[in-house]
Amino acid sequence: MSNIITVKDMCLWYGDHQALKNVNIEIPKKSITAFIGPSGCGKSTFLKTLNRMNDLIPGLKITGDIRYEGTDIFSKEVDVNNLRKEIGMVFQKPNPFPMSIYDNVAYGPRTHGITNRVQLDEIVERALRDAAIWDEVKDRLKKNALGMSGGQQQRLCIARALAVQPKILLMDEPTSALDPISTSRIEELVMELKEKYTIVMVTHNMQQAVRVSDYTAFFLLGELVEFGKTDDIFSQPQDKRTEDYITGRFG
Amino acid sequence: MLNQSLSKKRKGFEVLMKALMLLSVGLTAALVLFLLIYVLGQGIPNITWELLSTKPSYLTERIGILPDILNTVYIVLATLLIVLPLGVGAAIYLTEYASNKKVVGIIEYAAETLSGIPSIIYGLVGMLLFSNSMGTCLMAGALTLVIMNLPTIMRTTQESLKTVPQSYREGAFGLGAGKWRVVRTVVLPGCVDGVITGCILSVGRILGESAALLFTAGFAHAVNGLIDGLAAPGATLTVALYVYAKEQGEFGVAFAIAAILMVLTVLINFAATLVQKHFAKRRSL
Amino acid sequence: MKKNQLMEKIIHGIFLVLGLITVGCVLLITVYLVISGIPAIREIGLVDFLFGKEWASTASEPKYGILPFILTSVYGTAGAILIGVPIGFMTAVYLSKLASPKVKSVMQSAVSLLAGIPSVVYGLVGMLVLVPGIRKIFNVPDGASLLAAIIVLAIMILPSIIKMSITALDAVPKEYEDASLALGATPIETYFKVSVPAAKSGIAAAVVLGVGRAIGEAMAVMMVAGNVPNMPDSLFQSVRFLTTAVSSEMAYSSGLQRQALFSIALVLFLFIMLINATLNFFLKREKE
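Predicted model, so just to flag it, every value in this text is computed and none were measured.

Reading the values: the criteria
- Residues numbered from 1 in each chain as written.
- Chains lettered and ligands numbered in written order.
- Predicted model: local features only at pLDDT ≥ 70, side-chain atom pairs only at ≥ 80, totals over all residues.
- Helix = DSSP H or I, 4+ residues; strand = E, 2+ residues; numbered from the N terminus.
- Rg over C-alpha atoms; globule rule 2.2 N^0.38 Å.
- Buried ≥ 20, exposed ≤ 12 C-beta atoms within 10 Å, placed from the backbone.
- Contact = placed C-beta atoms within 7 Å.
- Domains from an automatic or database assignment.
- Nonpolar A, V, L, I, M, F, W, Y, C, P; charged D, E, K, R; others polar.
- Core = buried A, V, L, I, M, F, W, Y, C linked by C-beta atoms within 7 Å.

Some points on the overall build of chain A
Here's step 1: Regarding its fold elements, chain A presents ten helices and ten strands.
Here's step 2: In terms of overall size, chain A behaves like a compact globule, its C-alpha atoms giving a radius of gyration of 18 Å where 251 residues would be expected to give roughly 18 Å.
Here's step 3: With respect to the principal axes defined by its C-alpha atoms, chain A has extents near 55 × 45 × 35 Å.
Here's step 4: When each of the 251 residues of chain A is scored for burial, the buried share is 45%.
Here's step 5: Taking the contacts inside chain A whose residues are at least 6 apart along the sequence as the reference set, 69% of them involve residues at least 24 apart.

Written out as structure tokens, the structure reads:
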């Protein structure tokens, strides 16, 4: 299994405060990698660096080597908008645009130049099917997305992200704002998606990591403490800190 | 793939929008600068002590704006004196006493409607309502301005009344105080900042008002004491500017008045910002 | 105890009366305008009044058609909106989304200043800068014209458009903008394709407010528009608005002429009420 993202010695500072220290990781393709760790450990920050959403924060400094398919994502030749097309993101709180369901999903493709109505229709349908929500919304594509329930909105956001055909889907605690039923629907969806996409998911919920992911990375105080196959991490953690976290000695 | 830059269409959009935005901001900023510099530049040289302290004299063919200054002061005082109790009272009713949501809605809608009516219509109605009975005088103008500024005072007072924590009121009620006592001792002190802001904003509006005063307060230029002045017709600074510029071609005087008004506007904006900052700080402590 | 209760009741009553003052004022204004405005319309005839093309109130055979005033007010307002809204809107987007906090704050003070300048000062500057300027640039005999009024009105509505649009744009949740950026849109694409549509009712309300102010402006327009009751066939003709029609003749009017002026005020009032009703409609939609 080859690696789609490789990170070497990455450090990140918010002004004077160092939030990430010497992170080294290689994310395997077409699998689900979970980032776990207590609040404030840097896992979300690290996630947001991968699609350069952190670029927008003033006073941010990043050192180290981050490569997507071999290319340094911070190199001057890389167009950040294309990078975000390849590496999509789903946020913690569902954030559909205050537009129709159709326009939400079509937003990405339209941005990247697709204007042909027939093409857009196909793309929207395919994305909504991939997100397992097509049957529920196919008769009300023109209705405002804000009228949907939280779980539906999140699946819509997933469809919206998939519509631009990314290779990687970054998910930042995608189910923490949802009820248990919606959560399990999304977990099922994510496990289907890994056939076509690489998924990197930050989660607060260790059971979720166990249920869903193939690989797990444990972050603590800005450091990547341990990374490996999920089964290994949870049955035989190598580092004492990992063991303490997963056995609940600290949260 | 990653190296592919934005399509021509998207790049064009970026450039166009940025250019339009910068142009617009630049235009707006240039406008403000131009107005400031031009009016002050043309006006300040014409401001002499003589201008400020005398009234127009046909004999010596001098123009003095003392009466206009006095009239403006009188009208501001009279208007504020009347509009404050009315506006604050209405605001207190809305936040403390009114229980029927429909009634509140109607009153607020009425206030909004009043603030949308153009000043020339106020001038006409003021003429019908007030000048027909009390003649053309500053007081008629002041009463007209009272109605115009009622919504402003109500709004700012209401906003600051809403910031008084409900727990203060509950505490006072819990000690057995009647409603009026609670309002008087606990709520009113808390809305002082809103009242002051409302005052400052109203003074700004009154200073700048002209259409509403043309037919209610008239354009005389006599120097009077406060009481006499209110009972007599008189031009305020804005009305005087209009008459001197449009009907007498005295542009020097007009610019002098304009410069004075401009400076007053800047001071009032400044004062309003200061008050809001001061009270915002106090509130967050 | 009883005395206290009585006092409370009295005071409640006082406040109730104070509260109802605004309602009373609106009713009073409406009633007076209608009473003063109807007689002339009845005598002149509604159709002749509203659609008559000629206004000659002091002629030996007076004519009281106010179509020139209605059209001038409509064209003038439309022109002011056409110029003022794009500039104000673009300025607001820049200040809300792209400007540094310092620039934003300085510009907001500048805009507040613009909002506070009395209309007669605008009129004065218009008289002495704009009118001669138009005369020179366009080679017309007199610069006092519809064009001059449009420009002055556009400048006067700029501050309210900018202020309200900035408020609406600032209120757009950051999550929408983040989602757009994560999909590969540039910041500027995001602002125009996500933030602006999300703020559209606030911006629409700003425009409607601008319309209300433009149509109600009298003094500044009186000083730059020339004041001849022409039909507004050309931008460079001297024209009279509904507002200036009232203010220019009121002082020396009498009889039917005077009553006709009140009728014009009534028409103006109804226009404004219509516009405000539209504004409320937009605001209610936003709340949903």
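Now that the structure has been shown, the text picks up again.
Brief notes about the domain arrangement of chain B
Residues and elements named next belong to chain B.
Here's step 1: Partitioning chain B into domains gives domain 1 (8-46) and domain 2 (50-284).
Here's step 2: Spacing between the C-alpha centres of domain 1 and domain 2 amounts to 32 Å.
Here's step 3: Across the boundary between the two partners, domain 1 contributes seven residues, which contact eight residues of domain 2.
Here's step 4: Split into classes, the residues belonging to the side of domain 1 that touches domain 2 amount to four nonpolar, three polar and no charged.

Considering the interface of chain B and chain C
Here's step 1: In this complex, chain B contributes 65 residues to the contact, which on the side of chain C involves 62 residues.
Here's step 2: Of all the elements, helix H1 (residues 8-43) of chain B adds the most residues to the side of chain B that touches chain C, at 16 residues.
Here's step 3: Classifying every residue of the side of chain B that touches chain C gives 49 nonpolar, twelve polar and four charged.

Quick look at the nonpolar core
Here's step 1: Residues C:Val152 and C:Val224 are the most contacted members of the largest nonpolar core, which totals 184 residues.
Here's step 2: Of all the elements, helix H6 (residues 146-170) of chain C adds the most residues to this core, at 19 residues.
Here's step 3: The residue makeup of this core includes at least three contributed by each of domain 1 (8-46) and domain 2 (50-284) of chain B.
Here's step 4: Not counting residues up to four positions away in its chain, the partners in contact with C:Val224 are C:Gly123, C:Gly126, C:Met127, C:Leu130, C:Val131, C:Ala144, C:Ala148, C:Ala149 and C:Val152.
Here's step 5: Core analysis: the second largest hydrophobic core is formed by 76 residues, A:Leu83, A:Phe97, A:Leu156 and A:Met201 among them.

Side note on the interface of chain A and chain C
Here's step 1: Every contact between the two is made by 20 residues of chain A and, on the other side, 14 residues of chain C.
Here's step 2: Contributing elements (two or more residues each) for the side of chain A that touches chain C: helix H2 (80-86), strand S6 (87-90) and helix H3 (101-111) of chain A.
Here's step 3: No other element matches the four residues that H2(A) contributes to the side of chain A that touches chain C.

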